[in-house]
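Examining the three-dimensional arrangement
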Amino acid sequence: MDFPMKTLETETTSNAAIGTNPAALIPRRNKPKRNKYRFVTLRLFLRALSKGKISLRKLVNVAWCTIGYHLNLTKSAPSPFILSLELWNECNAGCLFCRDKKGRIYDINPQSTGGSISKGKMPSETAIDIIKQLKDDVLIAVLYTNGEPLLYKDLAKVTQAATDHKVATMIASNGLLFTEENAKAILDAGIDFIKIQLSGFTQDIYSIQIRYGEIEHLKENIRMLARLNKEGNYKTLILVDFILYNYNRHQVDLVSQFCDELNVMMNIRPGNPKGGLEDKEPALPHDPLPLKISCDWLWKGMQVNWNGEILQCCEAVVWGNAPAYDTFKLGHTDVKRVWNGQAAMNLRKRISTKGRGDIPLCAKCTRQGVCFKW
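Residues numbered from 1 in each chain as written. Predicted model: local features only at pLDDT ≥ 70, side-chain atom pairs only at ≥ 80, totals over all residues. Heavy atoms only, no water.

What to know about the overall build of the protein
Broken down by element type, the protein carries 12 helices and 13 strands. Expressed as a percentage of its 374 residues, the buried residues of the protein come to 57%. Considering only residue pairs separated by 6 or more positions, the protein has 74% of its internal contacts joining residues 24 or more positions apart. (Helix = DSSP H or I, 4+ residues; strand = E, 2+ residues; numbered from the N terminus. Buried < 20%, exposed > 50% of the residue type's maximum accessible area, 1.4 Å probe, protein only. Contact = heavy atoms within 4.5 Å.)

Side note on the pairing of strand E3 (residues 82–85)
Where a strand is regular, its side chains alternate between the two sheet faces. Every second residue of E3 is oriented toward a common face, with Ile82 and Ser84 on one face and Leu83 and Leu85 on the other, all of them buried. In this structure, E3 lies alongside strand E6 (residues 140–142), joined through 3 bridges in parallel fashion. The residue of E6 that forms the bridge with Ile82 is Ile140. The pairing of E3 with strand E11 (residues 301–304) spans 4 bridges and is classified as parallel. Note on E11: the bridge partner recorded for Leu83 is Met302. (Pairing = 2+ DSSP bridges.)

Overview of the pairing of strand E9 (residues 237–244)
Counted residue by residue, E9 has 8 buried out of 8 residues, so it is predominantly covered. Here E9 shows a buried face lined by Leu237, Leu239, Asp241 and Ile243 and a second buried face lined by Ile238, Val240, Phe242 and Leu244. As judged from the 6 bridges shared by strand E8 (residues 193–198) and E9, these two strands associate in the parallel manner. Across the sheet, residue Ile194 finds its bridge partner in E9, namely Ile238.

Considering the side chain of Ser294
Along the chain, the position of Ser294 falls in the loop between strand E10 (265–270) and helix H9 (297–300). Those residues in contact with Ser294 that lie beyond four places of it in its chain are Tyr69, Asn72, Trp299, Ile351, Ser352 and Arg356.

Some thoughts on the sheet that holds E9
Judged by pairing direction, the sheet is mixed, and its 9 strands sit side by side in the order E10-E9-E8-E7-E6-E3-E11-E12-E13 without closing on themselves. At either end of the open sheet lies a strand with only one pairing partner, and these are E10 and strand E13 (326–327). Taken together, the 3 bridges between E6 and strand E7 (residues 168–173) define a ladder with parallel strand orientation. Bridge pairing in E7 links Val142 to Met170.

With respect to the environment of Gly275
Structurally, Gly275 is set in the loop between E10 and H9. Sequence separation between Gly275 and Gln209 is 66 residues; the distance between their C-alpha atoms is 9.0 Å. With sequence-adjacent residues up to four places away left out, Gly275 is seen in contact with Leu96 and Tyr106.

A look at the confidence of the model for the protein
Within the protein, residue pLDDT values average 88, and 88% of them lie at 70 or more. Every residue in residues 1–35 scores below 50 in pLDDT, and together they form 120 contacts with partners more than four places removed in sequence or on other chains. (pLDDT = per-residue confidence, 0-100.)

Structural notes on helix H2 (residues 56–70)
The α-helix advances 3.6 residues per turn, and as a result positions three or four apart in sequence lie on the same side. With 15 residues, H2 should cover 21 Å at 1.5 Å per step; its first-to-last C-alpha distance of 21 Å lies within 8% of that length. Of all the residues in H2, the buried ones are Lys58, Asn61, Val62, Cys65, Gly68 and Tyr69. The buried side chains of H2 occupy one side of the element, clustering within an arc of 130° when seen end-on. Residues of H2 that are exposed and point more than 90 degrees away from the buried face comprise Leu56 and His70. At its buried positions, H2 is contacted by H9. (Expected span 1.5 Å × (residues − 1). Arc of directions from axis to C-beta.)

Notes on the nonpolar core
Formed by 103 residues in total, the largest nonpolar core has its most connected members in Leu83, Leu85 and Phe178. Looking at this core, the element that brings in the most residues is helix H7 (residues 215–231), giving 7 residues. Of all hydrophobic cores here, the second largest spans 6 residues; its members include Leu96, Ile243, Tyr245 and Tyr247. (Core = buried A, V, L, I, M, F, W, Y, C linked by side-chain atoms within 4.5 Å.)

Section: a nonpolar patch on the surface
The grouping of Leu42, Phe45, Leu46, Leu49 and Leu59 at the surface amounts to a nonpolar patch, some 420 Å² of accessible area in total. Per element, the largest residue contribution to the nonpolar patch is 4 residues, and it comes from helix H1 (residues 38–50). With respect to the helices, strands and loops of the structure, Leu46 is situated in helix H1. Looking at Leu46, the relative accessible area reads 46%, which means it is partly exposed. (Patch = residues over 30% accessible without salt bridge, like charges linked within 9 Å, V, L, I, M, F, W, Y side chains within 5 Å. Areas by Shrake-Rupley, 256 points an atom, 1.4 Å probe, with all protein chains shown as cover. Salt bridge = Lys/Arg side-chain N within 4 Å of Asp/Glu carboxyl O.)

Re the packing of helix H3 (residues 124–134) against helix H4 (residues 155–164)
Packed helix pairs are characterised by how far apart their axes lie and by the angle those axes make with each other. Two elements in contact, H3 and H4, have axes whose closest approach is 10 Å; the angle formed by their N-to-C orientations is 15°. Judged by the inter-axis angle, H3 sits roughly parallel to H4. Considering the relative orientation of H3 and H4, their crossing is right-handed. Facing Ser124, Glu125, Ala127, Ile128 and Ile131 of H3, the residues of H4 in contact are Lys157, Val158, Ala161 and Ala162. Among the residues forming the contact of H3 with H4, the class breakdown is 6 nonpolar, 1 polar and 2 charged. (Axes fitted to C-alpha atoms, helices over the stretch in contact; angles between N-to-C directions. Parallel < 35°, antiparallel > 145°, perpendicular 65-115°, else oblique. Left-handed = near helix turned anticlockwise from the far one by under 90°. Nonpolar A, V, L, I, M, F, W, Y, C, P; charged D, E, K, R; others polar.)

Some thoughts on the pattern of salt bridges
Counting across every chain of the model gives 18 salt bridges. With a closest N to O distance of 2.6 Å, Asp100 and Arg104 form a salt bridge. Two residues, Lys135 and Asp136, come together in a salt bridge whose shortest N-O distance is 3.2 Å. One continuous salt-bridge network, built from bridges that share partners, spans Arg47, Lys53 and Asp192.

Okay, here's the thing in structure tokens:
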């Protein structure tokens, strides 16, 4: 899931490029530093504020979660301030780093024997009920984790429910399935932030990472989305997320110009070579593993998988047999009780006292803070 997670920052080459480049690939500074996406976060905050989706109570909840994390309290605030929902983990693009040729999702748990992650859809009633339970305290609902959100037929319905309850929303998409109809539906529903993945500006480059998709069709979809956003005065934030590899870095300026022309934001992040590019591309850059520190997500964010499993973080949806705090049952589960239930508090205590190295899912994780993954 990608609302907020870790990235690297370097200088950019365009007014559109407000994001990040791995310094090893575009070396303009000797030492890269973390980018918390403050510009994007500020714009998203101001939009949510203008739409009445920010309240004093929500800000107090954010502060409470943050203080709980820094003080290593086993009990966090009454509610998370980030809610991530895996509405459907199916995808149409077939990115190399995420799935195999048959569309099977890679299981990152080295101890798993199943080979891939099971797939399914979350009933819209479940998603809406969870949002309703947390509406007074949660800042944003992230309506995807591993899947393509545009495949989910009730995306606009869930988005509208969040808007009705004054909860901000965002999605990240490969952009290939946008139509005038579904784009207008989610814009009308009040979506606040749309992030679109791009890994090339010509078909020969784009198709190296994306198995199933046509770049010209994608570019037309982005143009259409930007046009509808402008014509309808929706003021939804649109960001093109360029995934940088050695093989496509010569096209950064083309993408930057494209984004400038459409007046949409651009981000650059390092690509994951998994799935066939390991011998051609460098591994993802990261700092030494932060094994001795705890993780913000346990105090700030709630992840709910498509099958109702309430998990510790977004990474758990691709970790086979990840232990769940509980499984959501419509009409029965109180998610705030689960949030500060015994399972959640035990995990917070464990990571606070023993660090990440004691938890297999966390032991090789480099993430710090709640920011975009890369």
